Amino acid sequence: DTRNAAGPLGGPALAALTDRIFPMAGTCGIPADAKSVSLNIAVTGPTNAGNLRLHPGGTSVPLVSSINYKAGQTRSNNAVIRLNSLGELAAYLDQVSGTAHLILDVNGYFK
């Protein structure tokens, strides 16, 4: 939850047109050998319209979005995302400028 204090799993808010890497495997009850995670995703407080694209950390940003939103909107969705070999997930905020907060709620994992 990027609304929380700054840290690997907290703030700051996501910045437009950038990737942010989140360590998933080996944290918050997710085994270190997890290959994918099942998530509830929420975007809140976006300063502009845009979309969020989740993908394995260190890989190319996909062309498809995980969630779309308008400025000021709170939206949620579900996704199953593969992790990279380090167990990381990347979130790319595709909006012209500004920020948005991201809430990732893991509800399962795959080995």
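Residues numbered from 1 in each chain as written. Predicted model: local features only at pLDDT ≥ 70, side-chain atom pairs only at ≥ 80, totals over all residues. Heavy atoms only, no water.

Draft legend 1. Just the environment of Tyr92, in detail. Looking at the secondary structure, you find Tyr92 in strand β7 (residues 88–94). Counting along the chain gives 40 residues from Tyr92 to Leu52, while the straight-line C-alpha distance between them is 5.7 Å. When neighbours within four sequence positions are excluded, Tyr92 is seen to be in contact with Leu17, Thr18, Asp19, Asn51, Leu52, Arg53, His55 and Val61. (Helix = DSSP H or I, 4+ residues; strand = E, 2+ residues; numbered from the N terminus. Contact = heavy atoms within 4.5 Å.)

Draft legend 2. Representation of the layout of surface pockets within the structure. Considering only enclosed or pocket space, the largest pocket measures out at about 220 Å³ in volume. Taken together, 14 residues form the lining of the largest pocket, with Leu9, Met24, Cys28, Leu104 and Val106 sitting closest to its centre. Those elements that provide at least two residues to the lining of the largest pocket are β2 (19–23) and β8 (99–110). Considering every element that reaches the lining of the largest pocket, the biggest residue donor is β8, with five residues. Of the residues that constitute the lining of the largest pocket, the class distribution is ten nonpolar, three polar and one charged. (1 Å grid on protein atoms, 1.4 Å probe; cavity = no way out; pocket = protein on both sides within 12 Å on 5 of 7 lines; lining within 4 Å. Points joined across faces, edges and corners; volume = space filled by probe spheres on them. Nonpolar A, V, L, I, M, F, W, Y, C, P; charged D, E, K, R; others polar.)

Draft legend 3. Region of the structure containing the pattern of salt bridges. Enumeration according to the criterion identifies three salt bridges in this entry. We note a salt bridge from Asp94 to Arg53, for which the minimum N-O separation is 2.6 Å. Taken as a pair, Asp94 in strand β7 and Arg53 in strand β4 (residues 50–56) lie far apart in primary sequence, 41 residues in all. Judged by relative accessible area, Arg53 falls into the buried class, the value being 15%. (Salt bridge = Lys/Arg side-chain N within 4 Å of Asp/Glu carboxyl O. Buried < 20%, exposed > 50% of the residue type's maximum accessible area, 1.4 Å probe, protein only.)

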